[in-house]
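# Coordinate analysis (summary)
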Amino acid sequence: MTDCIICKIAQGTIPAQKILETDTVVAFMDIAPQAPVHGLVAPKAHIRNVVELAAHSPDLSQELVVAIAEFARQSGISDDGFRVVANTGDDGGQSVDHLHFHVLGGRSMTWPPG
Ligand code: AMP
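Residues numbered from 1 in each chain as written. Predicted model: local features only at pLDDT ≥ 70, side-chain atom pairs only at ≥ 80, totals over all residues. Heavy atoms only, no water.

## Things to note about the side chain of Asp30
Our working rule: We count a stretch as a helix when DSSP gives it H or I for four or more residues in a row; a strand needs E for two or more, and each element gets its number in order from the N terminus. Working definition: with a 1.4 Å probe on protein chains only, accessible area under 20% of the residue-type maximum means buried, over 50% means exposed, and in between means partly exposed. Only four residue types enter the tally: Lys and Arg on the positive side, Asp and Glu on the negative side, with His and both chain ends excluded. When a carboxyl oxygen of Asp or Glu lies within 4 Å of a side-chain nitrogen of Lys or Arg, that pair is called a salt bridge. The term polar contact refers here to a pair of N or O atoms within 3.5 Å; inside protein, the definition further demands a hydrogen-donor-capable atom paired with an acceptor-capable atom, and it admits residues adjacent in sequence only when both atoms are side-chain atoms. Residues count as neighbours in contact if any of their non-hydrogen atoms are within 4.5 Å of one another.
Mapped onto the secondary structure, Asp30 falls in the loop between strand E2 (25-29) and strand E3 (37-43). Buried charge Asp30 goes without a salt bridge, the closest partner of opposite sign being Arg107 at 12 Å. From its side chain, Asp30 meets the backbone nitrogen of Ala32 in a polar contact 2.8 Å long. Not counting the four nearest positions on each side in its chain, Asp30 is found in contact with His38, Gly39, Leu40 and His102.

## Let's talk about the pairing of E2
How we decide: DSSP calls a pair of strands paired once it identifies at least 2 bridges connecting them.
In terms of burial, E2 is largely enclosed, as four of its five residues are buried. Where strand E1 (residues 18-21) lies against E2, three bridges are found, and the strand directions are antiparallel. Considered in E2, the bridge of Glu21 is made with Val26. Turn length for the E1-E2 hairpin, with the two strands adjacent in sequence and antiparallel, is three residues. As judged from the five bridges shared by E2 and E3, these two strands associate in the antiparallel manner. Residue Met29 lies in a different strand from E3, and its bridge partner there is Gly39.

## Description of the site of the ligand
Operational definition: We call a residue near a given molecule or strand whenever any one of its heavy atoms falls within 4 Å of it. Only the protein chains shown count as covering a residue, and every accessible area follows the Shrake-Rupley method with a 1.4 Å probe. Each residue is assigned to one of three groups, with Ala, Val, Leu, Ile, Met, Phe, Trp, Tyr, Cys and Pro labelled nonpolar, Asp, Glu, Lys and Arg labelled charged, and all others, Gly among them, labelled polar.
Of all residues adjacent to the ligand, which total 15 residues, the nearest are Asp30, Asn87, Ser95, Val96 and His102. Within the side chain of Asn87, a nitrogen or oxygen atom sits 2.8 Å from an oxygen atom of the ligand. Taking 500 Å² as the accessible area of the ligand by itself, protein coverage stands at 82%. Put simply, the parts of the chain that give the shell around the ligand at least two residues each are helix H1 (5-11) and E2. In terms of residue class, the shell around the ligand is made up of eight nonpolar, six polar and one charged.

Geometric descriptors of this kind do not, in isolation, establish any biological role.
Below, the structure is given as structure tokens:
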């Protein structure tokens, strides 16, 4: 999609600190980190949210989960723990309309979320 930040990062037309990349998935650091480690893991295809993801091949869901785990491992947060968040739609607080999983770690998280 031409006007989508994550599509542009996936295509390499705007810069990002990419941590890992496969044919289908990309992980990069969030530009406004909310924790010492804050990455975004996204499909390269313009899938809007987890509802749309559910209509795709289960392979893609698995690839995203593998990328989340690999991002956490490479970032050194696997052992102490981390949080994975997919804000979805208006009530979910989604501001970028391309599915992405926030991976947050490096500090203790609180609950409930705001
Ligand atoms: P959400 O509000 O859940 O849709 O999350 C969107 C996230 O994208 C926010 O955490 C932003 O800080 C992040 N973001 C926006 N633009 C960029 C960018 N160019 N590079 C990296 N992260 C970005």
